[in-house]
Amino acid sequence: MNIRLLAKRNIQGNAQRYLAYFFSIVLSVSIFFIYASFIFHPDVVHADIPGGKLISRGLIAAEIVIIIFSVFFIAYSNAAFIQPRKKEFGLLTLLGMSKSQLRKLIYLEQTMVSLISILIGVGLGFLFSKLFLMAISWLLAVEQPISFVFVPEAFIYTIVGFILLFQLLSLFSLFHIGNAEVVDLLKDKQKPKKTPFVSRWLIALSAVCLSISYYLACTLSLNNSYIRVLPIVFFVLIGTYFLFSQSIVALCSRLYRKKKSLYGGTNLITQTNLIFNIKDYSRLFFLTSIITAVILTAAGTLFMFSADLKKQGMDNIPQSIGWIENDASVYSVIEPSAVEKILKEDGFKILYEVNMTGVPITHLLPHMRTGEPNENRSLLISESGYNNAAALRKIEPAKLSGKEALYIFPYGGLDYQFVHKGEQKELHFGNGTIQVTMVGQRNQSIVAPIKAATTLMVVDDQLYHEITADVPLKEMARVRGYEVKDWEESMETSSEIEQMSNNHNQLQTRAPIYQEMKQGSILILFIGLFVSLLFFIVQGSMMYLRVFTNLEDKKIQIHALHRLGLTKKEIRQILSAEIRILFFAPFLIGVIHAIVAYVALSNLLESNLFAYSSMVIATYFLFQLLYYQVTKRIYERAVITSIK
């Protein structure tokens with residue numbers, strides 16, 4: 001018997017424990033290799049694929065996330081493997097194995113598992129990279145599919161990178177076990193577990209941190225999101241950690257004191273096991289709840305953004321084809337008759353058209369960051385002109401009188417107030433100036449937000465006619481627009497109209513912008529789902545490891561309970577309850593965090609995303625339930641078969 005053979009037999013003997021860890025590492029390596037194959041693909045490097053560079057940046061970000069996540073997972077797994085085997089290491093030391101030989105044994109075990117995982121992961125990644133390239137080719141709608149080639153850089157970066165990662169983390173894990181005394185190793189499991197300490201101050205801190213983070217998230221807006229994201233993450237992490245290490249412990253202690261429910265069925269054993277293991281569980285609960293929140297938030301955000309893309313396009317680009325003429329007396333950009341002819345020839349039905357004139361004006365508005373007044377341009381239009389266009393888009397009409405004015409900002413996601421109700425504002429047009437009283441601001445677009453018509457200033461019809469009475473038509477601007485049915489299919493028609501126009505900068509078509517955003521969002525969703533799947537597998541693996549690291553101790557406990565009279569049915573109830581708590585307690589907290597994130601996203605997009613978020617959470621729950629059922633069945637079989 002030598003150390004190499006002993007390490008091999010240890011791996012075989014702990015195969016059930018290594019299973020989830022091994023599968024997670026293989027998946028991580030495979031995804032990393034597939035992404036690297038695209039990043040270093042010759043067609044991407046030489047910019048032969050349209051949009052390839054953009055996807056490459058997204059994949060590089062995903063690679064970094066995978067590496068960071070792998071560091072935490074491997075470190076956690078190494079600790080989980082070593083902890084329950086301390087008695088085994090103590091016996092080996094007692095039988096004459098030196099500390100250096102013990103370190104070598106652990107190092108060889110972890111190296112063997114890591115090398116096998118890396119080789120299988122790279123092999124599977126190489127096999128499935130062809131499917132990935134085909135999917136990317138289809139999503140990018142390239143004429144020639146991306147060729148499947150051997151990419152040496154992908155092999156080098158994946159194999160060398162993960163070997164170095166495993167080696168560093170393996171060496172780090174050896175210090176703890178190598179410095180322990182034989183007595184400590186042998187008696188590690190015999191140390192009595194104390195009732196966890198509970199601090200009311202830390203419970204209060206948890207409640208305060210979570211309350212602050214939830215408030216900041218629920219009141220998030222586009223203009224303050226960049227300063228709130230980091231505080232939200234910070235308070236969520238602190239609050240969640242103390243929620244599990246303190247608040248949940250306090251809750252379990254309170255339930256333990258309720259004797260009536262404690263002595264019902266198998267509750268005494270279940271609750272006793274929980275309260276004395278909650279300290280060990282708290283770190284796992286914290287990590288898995290945060291992972292759950294990240295998965296649900298990321299996957300939900302990508303899915304909701306993709307699903308809500310059409311609405312965003314219609315909100316931000318009010319007409320399928322829109323343009324502005326700087327001289328209202330002529331059509332220098334494109335003739336309306338030419339647009340109508342092309343639409344008719346291509347079989348698109350015009351739902352409505354917009355034809356509005358206005359006067360370019362200047363006025364002072366505060367800068368978003370500094371608050372200092374800056375000169376801005378707007379298009380002055382009449383109340384009736386605004387209301388006619390608003391009615392076509394089913395927007396509430398304006399109600400003005402006298403020298404009142406309404407400011408229209410085209411982007412609904414930005415809730416910054418440039419003007420306030422009752423504010424006096426000077427409007428400058430040509431050689432004239434007029435003072436108006438602002439009735440407020442609306443963040444919505446009714447005509448194509450281009451050049452002078454990007455923002456609008458609406459005034460009463462009588463006041464508008466007084467202002468424009470002496471303004472010649474050539475000094476006014478004209479905004480035209482056509483809304484068509486099935487505009488999503490008008491890519492070629494839009495391109496033809498753009499080619500006919502004399503000034504592309506003053507023409508806006510919705511379909512090309514929408515299709516470009518849709519293509520990008522699908523690609524991001526496609527990439528994000530791979531990473532989310534990896535996170536989910538790793539999260540489940542951490543729970544699996546936690547369950548099976550204490551398998552031998554659990555067998556001893558269950559065997560003793562069975563001798564005291566517990567039936568196999570009652571034993572199954574105990575095991576199911578313990579695994580259920582492990583899987584669904586952090587899931588519940590993670591879902592609550594994700595729901596708050598969905599509320600923040602709904603506020604940013606100004607859309608009700610309840611249906612989308614419910615679908616994401618329900619899908620995740622089904623996967624979690626499946627993982628729970630598989631783990632429970634394997635665990636119950638492993639424990640109950642030991643009962644004689």
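That block above? That's the structure.
Participant: Would you explain the packing of aromatic side chains in this entry?
Facilitator: Any two aromatic rings considered together are summarised by their centre-to-centre distance and by the angle between their planes. The final tally for this structure, using the stated rule, is 27 aromatic pairs. Residues Tyr407 and Phe418 carry aromatic rings whose centres are separated by 6.3 Å and whose planes lie at 70° to one another, so their mutual orientation is edge-to-face. With Tyr407 in strand β4 (residues 404-409) and Phe418 in the loop between β4 and β5 (424-429), this residue pair connects regions lying eleven residues apart in the sequence. Considered together, Tyr407 and Phe418 belong to a single accessibility category, that of buried residues. Pairing Phe536 with Phe623 gives two aromatic rings, centres 6.0 Å apart and planes at 70°, and the pair type is edge-to-face. Taken together, the residues Phe536 in helix α18 (residues 510-549) and Phe623 in helix α21 (residues 610-640) connect sequence positions 87 residues apart. Its relative accessible area of 8% is what places Phe536 among the buried residues. Joined through ring pairs, the aromatic side chains of Phe536, Phe583, Phe584, Phe587, Tyr620, Phe621, Phe623, Tyr627 and Tyr628 make up one cluster. Directly above the ring of Trp487 sits Arg510, whose terminal nitrogen or CZ lies 4.7 Å from the centroid.

Participant: So what exactly am I meant to see when it comes to the side chain of Glu383 here?
Facilitator: Tracing the chain through its elements places Glu383 in helix α15 (residues 383-392). Lys399 provides the closest opposite charge to the buried, unpaired Glu383, separated from it by 8.6 Å. Of note is the side chain of Glu383, whose polar atom sits 3.3 Å from the backbone nitrogen of Leu400. Here Glu383 is in contact with Ala398, Lys399, Leu400, Val458, Val459, Asp460 and Asp461, once residues within four sequence places are set aside.

Participant: Help me understand the side chain of Glu636, please; the structure alone is not making it clear to me.
Facilitator: Examined against the element boundaries, Glu636 turns out to sit in helix α21. Buried and unpaired, Glu636 has no salt bridge, with Arg572 as the nearest side chain of opposite charge at 4.1 Å. Within the structure, Glu636 has its side chain in polar contact with the side chain of Ser576 (distance 2.8 Å). What Glu636 contacts, discounting residues up to four positions off in sequence, is Arg572, Leu575, Ser576 and Thr641.

Participant: I would appreciate a short explanation of the nonpolar core in the present structure.
Facilitator: Most often, soluble globular proteins keep nonpolar side chains buried together rather than apart. One finds Tyr21, Tyr35, Phe38, Leu296, Phe583 and Tyr635 to be the most contacted residues of the largest nonpolar core, which totals 96 residues. Counting residues per element, this core draws most heavily on helix α20 (residues 568-605), at 15 residues. The residues touching Tyr35, leaving out its near neighbours within four places in the chain, are Leu59, Ala62, Glu63, Ile66, Phe132, Ile527, Phe530 and Val531. Core analysis: the next-biggest nonpolar cluster, separate from the first, contains 24 residues, Tyr352, Ala398, Leu406 and Leu456 among them.

Participant: Mind showing me how you'd approach the layout of surface pockets here?
Facilitator: Summary: where empty space remains is shown by rolling a probe the size of a single water molecule over the atoms. Counted as a void, the second largest pocket has a volume near 700 Å³. Considering the residues around the second largest pocket, the lining is formed by 23 residues, among which Ile232, Val233, Ala293, Thr297 and Ala597 are closest to the centre. Within the residue set of the lining of the second largest pocket, elements represented by two or more residues are α9 (200-218), α10 (225-257), α12 (267-307) and α20. The leading source of residues in the lining of the second largest pocket is α20, at seven residues. By residue class, the composition of the lining of the second largest pocket is 18 nonpolar, five polar and no charged.

Participant: Honestly, a nonpolar patch on the surface in this entry has me stumped. Any pointers?
Facilitator: Among the surface-exposed residues, Ile116, Ile120, Leu124, Leu127, Phe128, Leu131 and Met134 lie close enough to one another that they form a single nonpolar patch of about 650 Å² accessible area. Within the secondary structure layout, Ile120 lies in helix α6 (residues 99-140). Note on Ile120: relative accessible area 37%, which makes it partly exposed.

Definitions and cut-offs
Residues numbered from 1 in each chain as written. Predicted model: local features only at pLDDT ≥ 70, side-chain atom pairs only at ≥ 80, totals over all residues. Heavy atoms only, no water. Phe/Tyr/Trp six-rings, centres within 6.5 Å; stacked < 30°, edge-to-face > 60°. Helix = DSSP H or I, 4+ residues; strand = E, 2+ residues; numbered from the N terminus. Buried < 20%, exposed > 50% of the residue type's maximum accessible area, 1.4 Å probe, protein only. Lys NZ or Arg CZ within 6 Å of the ring centre and 35° of its normal. Lys, Arg positive; Asp, Glu negative; His and termini not counted. Salt bridge = Lys/Arg side-chain N within 4 Å of Asp/Glu carboxyl O. Polar contact = N/O pair within 3.5 Å; in protein donor to acceptor, adjacent residues only side chain to side chain. Contact = heavy atoms within 4.5 Å. Core = buried A, V, L, I, M, F, W, Y, C linked by side-chain atoms within 4.5 Å. 1 Å grid on protein atoms, 1.4 Å probe; cavity = no way out; pocket = protein on both sides within 12 Å on 5 of 7 lines; lining within 4 Å. Points joined across faces, edges and corners; volume = space filled by probe spheres on them. Nonpolar A, V, L, I, M, F, W, Y, C, P; charged D, E, K, R; others polar. Patch = residues over 30% accessible without salt bridge, like charges linked within 9 Å, V, L, I, M, F, W, Y side chains within 5 Å. Areas by Shrake-Rupley, 256 points an atom, 1.4 Å probe, with all protein chains shown as cover.

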